[in-house]
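In case you want the letters, here they are:
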Amino acid sequence: MREQTWRQQAIIDFIKLALAAFLILTPWIFGFTAATVASGNAWTSGAVIGLVSIAAIVALAEWEEWVSLAFGLWVAISPWLLGYHATVISAMRANATIGIAIVLLAAAELAMIYRSPPHVTA
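Structural notes, computed from the coordinates. Note that the coordinates shown come from a computational prediction; the quantities given were computed from them, not determined experimentally.

**Things to note about the packing of helix 2 (residues 36–58) against helix 3 (residues 62–82)**
Part 1 of the reasoning: Packing of helix 2 against helix 3 brings their axes to within 9 Å, and their N-to-C directions diverge by 170°. With respect to their mutual orientation, helix 2 and helix 3 come out roughly antiparallel. For the pair helix 2 and helix 3, contact is made by Val37, Asn41, Ser45, Val48, Ile49, Val52, Ala55 and Ala56 and by Glu64, Glu65, Val67, Ser68, Phe71, Gly72, Trp74, Val75, Ser78 and Leu82, respectively.
Part 2 of the reasoning: Considered class by class, the residues forming the contact of helix 2 with helix 3 number eleven nonpolar, five polar and two charged.

**Describing the nonpolar core**
Part 1 of the reasoning: Ile12, Leu19, Ala20, Leu23, Ala42, Ile49, Val75, Ile98, Ile102, Leu105 and Met112 together form the largest nonpolar core, which totals eleven residues.
Part 2 of the reasoning: If you list the elements that add at least two residues to this core, you get helix 1 (2–29), helix 2 and helix 4 (89–114).
Part 3 of the reasoning: Membership of the second largest hydrophobic core comes to five residues, among which are Phe32, Ala38, Val88 and Ala91.

**Here's the deal with the pattern of salt bridges**
Part 1 of the reasoning: Counted under the stated rule, the structure contains three salt bridges.
Part 2 of the reasoning: The partner of Glu65 in a salt bridge is Lys16, and the shortest N-O contact between them spans 2.8 Å. Placement of the pair is Glu65 in helix 3 and Lys16 in helix 1, with a sequence separation of 49 residues. Residue Glu65 shares its accessibility class with Lys16, and that shared class is buried.
Part 3 of the reasoning: The shortest N-O distance in the salt bridge between Lys16 and Glu109 comes to 2.6 Å. A residue pair is termed long-range when its members are at least 10 positions apart, and Lys16 in helix 1 and Glu109 in helix 4 qualify at 93 residues. The residues Lys16 and Glu109 share a single accessibility class, namely buried.
Part 4 of the reasoning: Here the salt bridges share partners, and the residues they tie into one network are Asp13, Lys16, Glu65 and Glu109.

**Digging into the packing of aromatic side chains**
Part 1 of the reasoning: If you walk through the whole model with that rule in mind, you get two aromatic pairs.
Part 2 of the reasoning: Between Phe22 and Phe30, the aromatic rings sit 6.3 Å apart at their centres with planes inclined by 85°, giving edge-to-face as the arrangement.
Part 3 of the reasoning: For Phe22, a relative accessible area of 33% puts it in the partly exposed group.
Part 4 of the reasoning: What makes Phe30 partly exposed here is its relative accessible area of 39%.
Part 5 of the reasoning: Note on Trp28 and Trp43: the rings are 5.2 Å apart at their centroids and 35° apart in plane angle, and the pair reads as tilted. Placement of the pair is Trp28 in helix 1 and Trp43 in helix 2, with a sequence separation of 15 residues.
Part 6 of the reasoning: What makes Trp28 exposed here is its relative accessible area of 55%.
Part 7 of the reasoning: Using a relative accessible area of 29% as the deciding quantity, one classes Trp43 as partly exposed.

Definitions and limits used
- Residues numbered from 1 in each chain as written.
- Predicted model: local features only at pLDDT ≥ 70, side-chain atom pairs only at ≥ 80, totals over all residues.
- Heavy atoms only, no water.
- Axes fitted to C-alpha atoms, helices over the stretch in contact; angles between N-to-C directions.
- Helix = DSSP H or I, 4+ residues; strand = E, 2+ residues; numbered from the N terminus.
- Parallel < 35°, antiparallel > 145°, perpendicular 65-115°, else oblique.
- Contact = heavy atoms within 4.5 Å.
- Nonpolar A, V, L, I, M, F, W, Y, C, P; charged D, E, K, R; others polar.
- Core = buried A, V, L, I, M, F, W, Y, C linked by side-chain atoms within 4.5 Å.
- Buried < 20%, exposed > 50% of the residue type's maximum accessible area, 1.4 Å probe, protein only.
- Salt bridge = Lys/Arg side-chain N within 4 Å of Asp/Glu carboxyl O.
- Phe/Tyr/Trp six-rings, centres within 6.5 Å; stacked < 30°, edge-to-face > 60°.

Here is the structure:
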């Protein structure tokens, strides 16, 4: 049971790693490299999420999922907190979409961690 849970979580971590790589590339893909706040946020947040995802793949630990959840929330709401939601629409949309996806994936992993084992009745 533990091995199956680890494999499921590793797959989710690989997906989060791919999303982090995509987040890093979004300034070039969507053309907002000149917007220093938006592009810097994408690069920094993507790097942190990517590193945490690699750490989670190497050694499963609960803290990694909480960090992913927190950074996913940051990525989703950062366009409004940093003030580029109205000026760099492509960055806002990319951040909101990727951030929500990372939050959902991290929440799914946390649910797997905290899920109680099935009870067997005799």
